[in-house]
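Secondary and tertiary structure notes
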Amino acid sequence: CSFPSWFESFSRVTLKSEVIPLPKEFVDYLGQDGIFVSKDSFAKYRDVDEYLDSDEWNAREEDEDNEDEESKVASFPELEKLIEGSIERLGGSVFPKLNWSSPQDSVWMSSFGSLKCSTPGDIFLLLKSSDFIQSDIEQCSSISTPSSPHHLSLVLRKWFDLEHSMEFRCFVKDHYLVGISQRNVSDFFEFLPPMVDELKELIVDFYLDNIKGKLPVSSFVFDVYVSKTQRVWLVDFGEFNPTSCDSSLFGWEELQTINNNIDNSGNSENNESNSNTSENSTVQNNTDNNNNNSNNNITSSSESNNGNNNNSSDSSSSYDPEINDSVEFRVVKTPVGVILPNRMRFGLPSDMVGEKSALDDMINQMREIAREELKEEDILKGGKKL
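The following paragraphs examine the structure supplied in this document. The residue count restarts for each chain, going from 1 along the sequence in the order it is written. Only residues with pLDDT of at least 70 get local features here, since the model is predicted, and only at 80 or more are side-chain atom pairs given and counted; chain-wide, interface and lining totals rely on the full set of residues. Side-chain metrics in this entry use all non-hydrogen atoms of the structure; hydrogen atoms and water are not considered.

1. With respect to the overall build of the protein chain
Numbering of helices and strands starts at the N terminus; helices are DSSP runs of H or I of at least 4 residues and strands are runs of E of at least 2. Regarding its fold elements, the protein chain presents 13 helices and nine strands. When the 386 residues of the protein chain are sorted by exposure, 41% land in the buried category. Here a residue-residue contact requires only that any non-hydrogen atoms of the pair lie within 4.5 Å. For the protein chain, contacts bridging at least 24 residues in sequence account for 72% of all contacts bridging at least 6. In this description, accessible areas are obtained by the Shrake-Rupley approach with a 1.4 Å probe, and a residue is regarded as covered only by the protein chains that are shown. Carbon together with sulfur atoms contributes 47% to the accessible area of the protein chain, which is approximately 21,500 Å² in total. Exposure categories follow from relative accessible area, calculated using a 1.4 Å probe and restricted to protein chains: below 20% of the type maximum is buried, above 50% is exposed, and the middle band is partly exposed.

Below, the structure is given as structure tokens:
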């Protein structure tokens, strides 16, 4: 599911993008320790010189810079020209990624507070700060051989202010679309649950018309965006693999067995011989899933249809698992059902993640400083506490 391998085939239904092969020198630079980005890579209107007095800035340079750091600042003028050209053709703002991953874990480093980039420097900073990008470098190295080398590419995609509520993750197992989930599981969108059936029909039709049978793998994950005009756009592909892909509102163990009663070969004899076992297994799975959905405050579009689907599967060899009723669509239906996704833990430097005591100490220190400032300004009158 490397981006360069599928983009041309799906360019008509995905976001406008450009792919730039990365020179080995730049890949080596990304793999080096430390973050050293030349200020010449950033736009002049965002240069810090404009916000500081020149004497003050010169003093800072003398105090903070040294020859060792300056020698590590890399320059890639040819690559920067290619990036600048792509940014201009893509409307002035892009979001970057490599073959497989985007630098979501380094958003906190961005001046925009997102993956939005308008200069080569913005892109270099995000890539250089990201553990996800390092994983792409390692993966590319591990699958490359002298006879079949793999090369990293920089993917620049046209920036759109997408509505997070209309992003969805879809799961395909053995060529069948078996599950659709709200992508942003850390938010509750009140208008989504009533739209489930309508959205499911749009996405299922999109899959059947534009994706099914067009990839060399039978199981995979893909993300889509539904626009205000109800047009479905392909965002990305991913592996059907718990180690490299977030399962959103599903569990990976559940996804591995969600469609295990369907004979993908279309052999009706096998379907009939396994119908009783499949029925018992599926009913139990559906019961468990419904209980989990209730506990997690998740709306599932197939909850009311599971029994009917099982009966039709047993009674007819022409049962089609692609029909809408067989695709489970999940969204968060109450604020209580909001889930903190695994990727959210990458929002802070790794040495702070999970260090609850350190964070507590920092919060307490900030509170104490605030109290002292309030006392100095004589705001805490009458025993009022912060």
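2. Points about a negative patch on the surface
A contiguous patch of negative charge, built from D197, E198, E201, D205 and D209, is present on the exposed surface. For D209, the location among the structural elements is in helix α8 (residues 196-210). Overall, the relative accessible area of 56% leaves D209 in the exposed class. Residues enter patches when their relative accessible area tops 30% and they take part in no salt bridge; the joining distance is 9 Å for like charges and 5 Å for the nonpolar side chains Val, Leu, Ile, Met, Phe, Trp and Tyr. The working definition used for a salt bridge is a side-chain nitrogen of Lys or Arg within 4 Å of a carboxyl oxygen of Asp or Glu. The sign given to each residue is positive for Lys and Arg and negative for Asp and Glu; His and the chain ends receive no count. For the purpose of locating charges, the reference atoms are NZ of Lys, CZ of Arg, CG of Asp and CD of Glu.

3. Topic: helix α2 (residues 24-31)
Within α2, burial applies to F26, V27, Y29 and L30. Buried residues along α2 cover an arc of 155 degrees about the axis, so they all sit on one side. Looking at α2, the residues exposed on the side facing more than 90 degrees away from the buried face are K24 and E25. In this fold, the buried residues of α2 make contact with α5 (77-89), α6 (120-129) and α7 (131-143). In this description, the arc belongs to the directions extending from the helix axis to the C-beta atoms.

4. Topic: helix α1 (residues 3-10)
Inspection of α1 places F3, W6, F7 and F10 among the buried residues, and these make up the whole buried set. Along the long axis of α1, the arc covered by the buried residues comes to 120 degrees, so they all point the same way. Those residues of α1 that are exposed and aimed more than 90 degrees away from the buried face are S5, E8 and S9. Turning to α1, the residues buried within the fold contact β1 (17-21), β2 (94-97), β3 (153-158), α8 and β7 (232-239).

5. Quick word on the nonpolar core
Remark: nonpolar core denotes a set of buried residues (Ala, Val, Leu, Ile, Met, Phe, Trp, Tyr, Cys) joined through side-chain atoms within 4.5 Å. Formed by 34 residues in total, the largest nonpolar core has its most connected members in F168, L177, I180, I211, F222, L234 and F237. Of all the secondary structure elements, the ones that give two or more residues to this core are α1, β4 (167-173), β5 (176-182), α8, β6 (220-226), β7 and β9 (328-332). Considering each element in turn, this core owes the most residues, six residues, to α8. When sequence neighbours within four positions are dropped, the list of residues in contact with I211 reads F10, F206, F220, F222, L234 and F237. The next biggest cluster of nonpolar side chains, apart from the first, holds 28 residues, and it includes L79, L127, I133 and I137.

6. Some remarks on the pattern of salt bridges
For the structure on display, the rule yields eight salt bridges. Note that K24 and D28 form a salt bridge whose closest N and O atoms lie 2.9 Å from each other. Residue K24 and its partner D28 are both found in helix α2; the two are separated by four residues, about one turn of the helix. Among the residues examined, D28 registers a relative accessible area of 36% and is labelled partly exposed. Here R183 and D223 are joined by a salt bridge, their closest N and O atoms 3.5 Å apart. On the criterion of sequence distance, the pair formed by R183 in the loop between β5 and α8 and D223 in strand β6 is long-range, its members being 40 residues apart. The exposure class assigned to R183 is buried, which follows from its relative accessible area of 14%.

7. Re the sheet that holds β1
Spatially, three strands are ordered β1-β3-β2 in an open sheet, and the strand pairing comes out antiparallel. Each edge of the sheet is formed by a strand with only one pairing partner; in this case those strands are β1 and β2. Neighbour-to-neighbour, the strand axes of this sheet turn through a mean angle of 20 degrees, independent of strand direction. Pairing between two strands requires that DSSP report at least two bridges joining them. Pairing of β2 with β3 involves four bridges; the strand directions are antiparallel. Orientation is described by lines fitted to C-alpha atoms, with helices fitted over the stretch in contact, and by angles between N-to-C directions that extend from 0 to 180 degrees.

8. Considerations on the pairing of β4
For β4, the buried fraction is high: seven of the seven residues fall into the buried class. Of the two faces of β4, both are covered, the one formed by E167, R169, F171 and K173 as well as the one formed by F168, C170 and V172. Judged from the six bridges that link them, β4 and β6 form a sheet pairing that is antiparallel. Paired with C170 across the strands is F222, a residue of β6. Sheet topology note: the β4/β5 ladder contains six bridges and is antiparallel. Within the sheet, the bridge partner assigned to R169 lies in β5 and is S181. Counting the residues in the hairpin turn of β4 and β5 gives two residues, including D174, whose phi is positive at 55 degrees.

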